[in-house]
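The lines below spell out each chain.
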Amino acid sequence: MTTDVLIMRDIDKAFNGNPVLRHAGFTLRKGECHALMGENGAGKSTLMKILTGVYQRDAGTVQIDGTDVSFAAPRDAEAAGIAMIFQEFSLIPTLTVAQNIFLGHEPKRGNKIFIRDAEMIRRAHEILREFGENIDPRTRVEDLSVGAKQMVEIAKALSKNARIIVMDEPTASLSESEVETLFRLVNQLKKQGISIVYISHRMAEIYQICDRITAMRDGRDMLTADTSDVTMEELIRAMLGSDRTAAMDWIPRDVDMTAAPVLEVENLRVNGYVDDVSFDVRPGEILGLAGLTGSGRTEIVEAIFGIRQIDGGSVRIDGHSVRSNRDAIEAGVGLVPEDRRTQGLILDHSLRDNVILPNLARFTRNLFVGDTTARAASDRHIADLKIKCEGPEQEVYLLSGGNQQKIVLAKWLERKPKVLILDEPTIGVDIGAKSELVRKVREIADAGTAVVVISSEFEELLAISDRLLIIYDGSVIGNMNRKDVQSEEALHHAVQG
Amino acid sequence: MQSKADPMPQDRSFTFGRINWRENIVYICFAGVLLFFAITIGDKGFLTVSNLFNIARTTAMIAVISIAMTFIISSGELDLSVGSTAALAALVSALAIQAGYGFVGGVIAGLLCGVAVGLVNGFFVTALSIPSFLVTLGMMQLVRGIDMRITYTNPVPVRNETFDTVFGPGTIGVVPTLFLWAVAVAILGHVVLRYTPFGRQVLATGGNREAARYSGINTKRVKIICFLITGVGAALAGMLWTGMMGTARYNFGEGAELAAIAAVILGGTSLFGGKGTIIGTFVGALLIGTINNGLIIMGLDVSEQMMVAGAIIVLAVAFGKKPSR
Ligand SMILES: Nc1ncnc2c1ncn2[C@@H]1O[C@H](COP(=O)(O)OP(=O)(O)OP(=O)(O)O)[C@@H](O)[C@H]1O
Ligand SMILES: [Mg+2]
């Protein structure tokens, strides 16, 4: 059973004269889950957007079931049975689940004018039930969790009889149980003969559910192999080249625990989310917050940053009480927020304008914002964090997902905060860049900044933290030194409560 | 109008030769319209210095309002109350001068009207989170009602030499004073929007309010200041109108809000916030003024003028628009 449903060969694509894809190739078999991996900006999303008709290729061929095709628009690709689930969901929040699933191809009455509502809801229900989802088709999409929205996206693809489904970093913002549901669904789709392209930076996931892997580097496919035939080291080398590593090892650090804490949180309460949380962080210390999605970690750090209303307790920086966002920023707190698209970036502004935004005062000389100094600072971050872009003037929305995430980091690194809070800082960041980030955070902490990190990737959390707080259901249920945590499994166990 | 969908990546190149049509549509249109009128009605007086100055003079008020409007639109909001506010400031300043408060007193009274309307708009939009479209639509009516009531629609003549010199229809050197006001406001607006931290905060607030907030920007304060800018800008325009006419009238600035929005959007500012250009706005206002003037000289009657001017605006915005997804 090795029929190729899709063959892409020698695909070239350039934007404004910059080549992004150079002779890239990709094949997909019937009923397989095929991982597409590579560094940030390697061209994964671009290659898939060419397949789905969002972009037009400059050269190369695409064959579906042995016939050459060329899609001028996403709806042509859809008609050929190809659907892409974008990371930025394409659902309409104010419409119901059923209305979204059948948007543009609603079942009609005999006269072809009126929609058959009951029929639409029934069929939506059927599709959702088929993969064991208990979502009421009459709920509005805006009231759903991220995981449920993704299920609706997939249901929408199935309702159009998709045979190839492209998932671009589908697990980036899912909770652990939602990831499990997704994996179950992927296996079920495979059994139905549907092929899946699975883009992700998470190694463990890839090895868990993908049959084959293609690794890209600089717009080329470097390696395609069965998952069982390729080791993680080989894969990393194919993606990063031989001269770079992706080591994620913990290095014990010396922190002066007798120093006065910079950040003191006392009996913090945020109704419905955080209940009586207290902890301290010292200068130079890296504190990891471990917990399940929804355990209240984000709410804790938002309260510290003064952007979420506190219902009790206090937050102090250097002994001074922080009551508002303004206090927090002036006291030297920086927060890299969880959601880069809505909270982190102004997508249609340039990289430079985004980087200077929290630092306007610093870049202002005699009333005016200094564009040259801002440019120089941006250039430094581009080199430091290896941000792949055309330059500081490029609009952020044109960059790949992982490179956008690096800009959010740059914004706050530029500020040189006294307390740096990172909420899921590596969503969508490739493994090479992740290990660079770990190094960078250590460097900042060595210089005296207190760091608080939230991450759902325990490998990363264990590599970076000096100390870990276990958060469960809005409370701190554990406080341990990193050296006392034996393994990732132990941490997994601890966060379950 | 605060959070908007992500822009979809797209091939940006829509260039012909070295000119980017889309971004420079307002300049191209302006050049085209000037050329067209120069050829067709150049000999009917369009090209005379006095007519060109006439265009500059009559456009000044809309230009000032449009420049202020660029700020509020860039911040992701809208202000429809500018026309009524202009008339209010015109009447109040004229009454103050009549009552013997002198030039300075009159101007302060006029500007305070703008501040007051701006504060009310800002309060309802930021503190109560009511969409600015609704708040300012209501204020537009409410203030116009006040305008009509103050003097029971009677005009208020202004006889004050200083007022005449500063806001009047005269010239400084050869250039009309009113036009100099517009240029001065444009330069100030351009510098503030483009080069100061406040300008960045306005664009950031309009580009993505949530992200601006997470970057430590007080987005409510930014919006209130923008409403103050439109209020004060409108008040200044109102006094310029008085200066040009010698009399303040309750119906000054009727329809000015729409002309100003058209000028702003023609100029290349995004109606959804986050992108703004004062120079574009200024040229947009001049373009609208030139079209109106040329059509009159061509001998079109009011109904025809309206149809042609409307069509040109729609076409220009259509050409200047980004391609759809
Ligand atoms: N519309 C565009 N205009 C200009 N450059 C673009 C455009 N779309 C993508 N690029 C560039 O192409 C390169 C590849 O982008 P792509 O999104 O395919 O990367 P990716 O492999 O998906 O990365 P990531 O893992 O970060 O999502 C990037 O350097 C990006 O900046
Ligand atoms: Mg991508």
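All values reported here derive from a predicted model rather than from experimental measurement.

Definitions and limits used
Residues numbered from 1 in each chain as written. Chains lettered and ligands numbered in written order. Predicted model: local features only at pLDDT ≥ 70, side-chain atom pairs only at ≥ 80, totals over all residues. Heavy atoms only, no water. Contact = heavy atoms within 4.5 Å. Buried area = accessible area lost by both parts, 1.4 Å probe. Salt bridge = Lys/Arg side-chain N within 4 Å of Asp/Glu carboxyl O. Polar contact = N/O pair within 3.5 Å; in protein donor to acceptor, adjacent residues only side chain to side chain. Helix = DSSP H or I, 4+ residues; strand = E, 2+ residues; numbered from the N terminus. Phe/Tyr/Trp six-rings, centres within 6.5 Å; stacked < 30°, edge-to-face > 60°. Lys NZ or Arg CZ within 6 Å of the ring centre and 35° of its normal. Near = heavy atom within 4 Å. Areas by Shrake-Rupley, 256 points an atom, 1.4 Å probe, with all protein chains shown as cover. Nonpolar A, V, L, I, M, F, W, Y, C, P; charged D, E, K, R; others polar. Buried < 20%, exposed > 50% of the residue type's maximum accessible area, 1.4 Å probe, protein only. Core = buried A, V, L, I, M, F, W, Y, C linked by side-chain atoms within 4.5 Å. Patch = residues over 30% accessible without salt bridge, like charges linked within 9 Å, V, L, I, M, F, W, Y side chains within 5 Å.

Quick look at the interface of chain B and chain A now. Between chain B and chain A, the residue contacts involve 30 residues of the former and 39 residues of the latter. In total, chain B and chain A occlude about 2,900 Å² of area from one another, counting both sides; carbon and sulfur atoms represent 53% of this. Taken together, the links from chain B to chain A amount to four salt bridges. Between chain B and chain A we count 13 residue pairs in polar contact (both at pLDDT 80 or more) in total. Those elements that provide at least two residues to the side of chain B that touches chain A are α7 (177-195), α8 (197-207) and α9 (209-214) of chain B.

All names here are of chain A. Going through the model one piece at a time under the given rule, you end up with eleven aromatic pairs over all chains. For arginine 308, the ring lying beneath its charged end belongs to tyrosine 273, and the centroid distance is 5.0 Å. Residue placement shows arginine 482 over the ring face of tryptophan 250; its charged tip is 4.5 Å from the ring centre.

The immediate surroundings of ligand 1 are formed by 22 residues, with Lys44, Ser45, Thr46, Ser400 and Gly402 of chain A found nearest. Mapping the residues adjacent to ligand 1 onto the chains of the assembly identifies chains A and B. Residue leucine 398 of chain A places a main-chain N or O atom 3.3 Å away from an oxygen atom belonging to ligand 1. Glycine 402 of chain A places a polar main-chain atom, nitrogen or oxygen, 2.8 Å from an oxygen atom of ligand 1. When ligand 1 sits alone it has 640 Å² of accessible area, and the protein chains cover 94% of it. Where the shell around ligand 1 is concerned, the elements lending two or more residues are α1 (44-51) and α14 (401-413) of chain A. Counting residues per element, the shell around ligand 1 draws most heavily on α1 of chain A, at three residues. Residues of the shell around ligand 1, tallied by class, amount to seven nonpolar, eleven polar and four charged.

Before going further, it helps to spend a moment on helix α11 (residues 256-266) of chain B. One turn of the α-helix equals 3.6 residues, which is why residues spaced by three or four share an orientation. Residues and elements named next belong to chain B. Burial runs high along α11: eight of the eleven residues are buried. Three or more residues of α11 are buried, namely Ala256, Glu257, Ala260, Ile261, Ala262, Ala263, Val264 and Leu266. Glycine 268, located one to two residues past α11, shows a positive phi value of around 110°.

This next bit is on the nonpolar core. Of all hydrophobic cores here, the largest spans 94 residues; its most connected members are Met69, Trp241, Phe282 and Leu287 of chain B. When residues in this core are grouped by element, the largest group, 13 residues, is from helix α2 (residues 49-74) of chain B. If sequence neighbours within four positions are ignored, phenylalanine 282 of chain B has contacts with Ala63, Ile67, Phe179, Ala182, Val183 and Ala186 of chain B. If you look at the next biggest cluster of nonpolar residues, it comprises 71 residues, including Leu263, Phe279, Phe305 and Ala463 of chain A.

All names here are of chain B. Side chains of Val120, Phe123, Phe124, Leu128, Ile130, Phe133, Leu134 and Leu137 sit close together on the surface and give an oily, nonpolar patch of about 650 Å² of accessible area. Among the secondary structure elements, those contributing two or more residues to the nonpolar patch are α4 (102-126) and α5 (132-150). Relative to the helices and strands, leucine 134 is located in helix α5.

All names here are of chain B. Note on placement: asparagine 251 falls in the loop between β6 (247-248) and α11. For asparagine 251, a relative accessible area of 31% puts it in the partly exposed group. For the pair asparagine 251 and methionine 148, spaced 103 residues apart in sequence, the C-alpha separation works out to 8.0 Å.

Geometric descriptors of this kind do not, in isolation, establish any biological role.
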